[in-house]
Amino acid sequence: MKNLFTIAAILLSTSLFAGNENKNLTDAEKATVLTNIAGLIGDESILNELGINGQADVTVVVDENGVMHVEEVQSTDYLLEYHIRQSIDGAKMIVNESLVGKTVSFIMNVVQSK
């Protein structure tokens, strides 16, 4: 079985931690965050072994040290939610100053295919 693993690049909300000012992420910033997260979640063999399948709405915040903090994961699959939290929370990534303090929300789909 092969997994079709996609992170929908639908960024539902972006905001700055400091202040109420809203700013949009650039395409490069979106790509940086999603590429880092995709690498952390694991390849299809890991997801296949775990039997993970489903969709999750994920919200992460990048702190001043480039560490990602999972704010929220909503999924009907407990194993998917647990795997996302364990894989992403506390992970460090190289970020531009513009990503510091940003809240990034996206939809992640993991589909098992035959």
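Residues numbered from 1 in each chain as written. Predicted model: local features only at pLDDT ≥ 70, side-chain atom pairs only at ≥ 80, totals over all residues. Heavy atoms only, no water.

*Asks:* So what exactly am I meant to see when it comes to helix α3 (residues 78-88) here?
*Replies:* For the α-helix, the turn length of 3.6 residues means that residues three or four positions removed from each other point alike. Every buried residue of α3 is listed here: Leu80, Glu81, His83, Ile84, Ser87 and Ile88. Relative to the axis of α3, the buried residues are bounded by an arc of 165 degrees and lie together on one face. Exposed residues on α3 whose side chains face more than 90 degrees from its buried face are Tyr78 and Gln86. Capping the start of α3 is the job of one residue whose side-chain oxygen sits 2.9 Å from the backbone nitrogen of Leu79: Asp77. Backbone geometry just downstream of α3 places Gly90 in the positive-phi region, at approximately 85 degrees. (Buried < 20%, exposed > 50% of the residue type's maximum accessible area, 1.4 Å probe, protein only. Helix = DSSP H or I, 4+ residues; strand = E, 2+ residues; numbered from the N terminus. Arc of directions from axis to C-beta. Polar contact = N/O pair within 3.5 Å; in protein donor to acceptor, adjacent residues only side chain to side chain.)

*Asks:* Any chance you could explain the side chain of His83 here in plain terms?
*Replies:* Inspection of the secondary structure puts His83 in helix α3. The residues contacting His83, other than those within four sequence positions of it, are Ile41, Ile46, Leu47, Leu50 and Ile52. (Contact = heavy atoms within 4.5 Å.)

*Asks:* Explanation requested: the pairing of strand β4 (residues 68-75) in the structure shown.
*Replies:* On any regular strand, side chains alternate: one points to one face of the sheet, the next to the other face. Here 7 bridges tie strand β3 (residues 54-62) to β4, and the two strands are oriented antiparallel to one another. Counterpart to Val58 in the pairing with β4 is Val73. Linking β3 back to β4 in an antiparallel pair, the connection comprises 5 residues, with Gly66 at a positive phi of about 80 degrees. (Pairing = 2+ DSSP bridges.)

*Asks:* Looking at this structure, I do not really get the confidence of the model for the protein chain. What am I missing?
*Replies:* For the protein chain, the mean per-residue pLDDT works out to 75, and 76% of the residues sit at or above 70. Here strand β2 (residues 14-16) stands out as the least confident element of the protein chain, with mean pLDDT 33; β4 is the most confident, with 93. The model gives residues 1-22 a pLDDT under 50, and that stretch makes 63 contacts with residues more than four places away or in other chains. (pLDDT = per-residue confidence, 0-100.)

*Asks:* For this particular structure, what's the right way to read the packing of helix α1 (residues 27-41) against α3?
*Replies:* The interhelical angle for the contact between α1 and α3, taken along N-to-C directions, is 115 degrees, at an axis separation of 9 Å. Judged by the inter-axis angle, α1 sits roughly perpendicular to α3. In this structure, α1 crosses over α3, and the sense of that crossing is right-handed. Counted together, Ile37, Leu40 and Ile41 of α1 and His83, Ile84, Ser87 and Ile88 of α3 form the full contact between these two elements. (Axes fitted to C-alpha atoms, helices over the stretch in contact; angles between N-to-C directions. Parallel < 35°, antiparallel > 145°, perpendicular 65-115°, else oblique. Left-handed = near helix turned anticlockwise from the far one by under 90°.)

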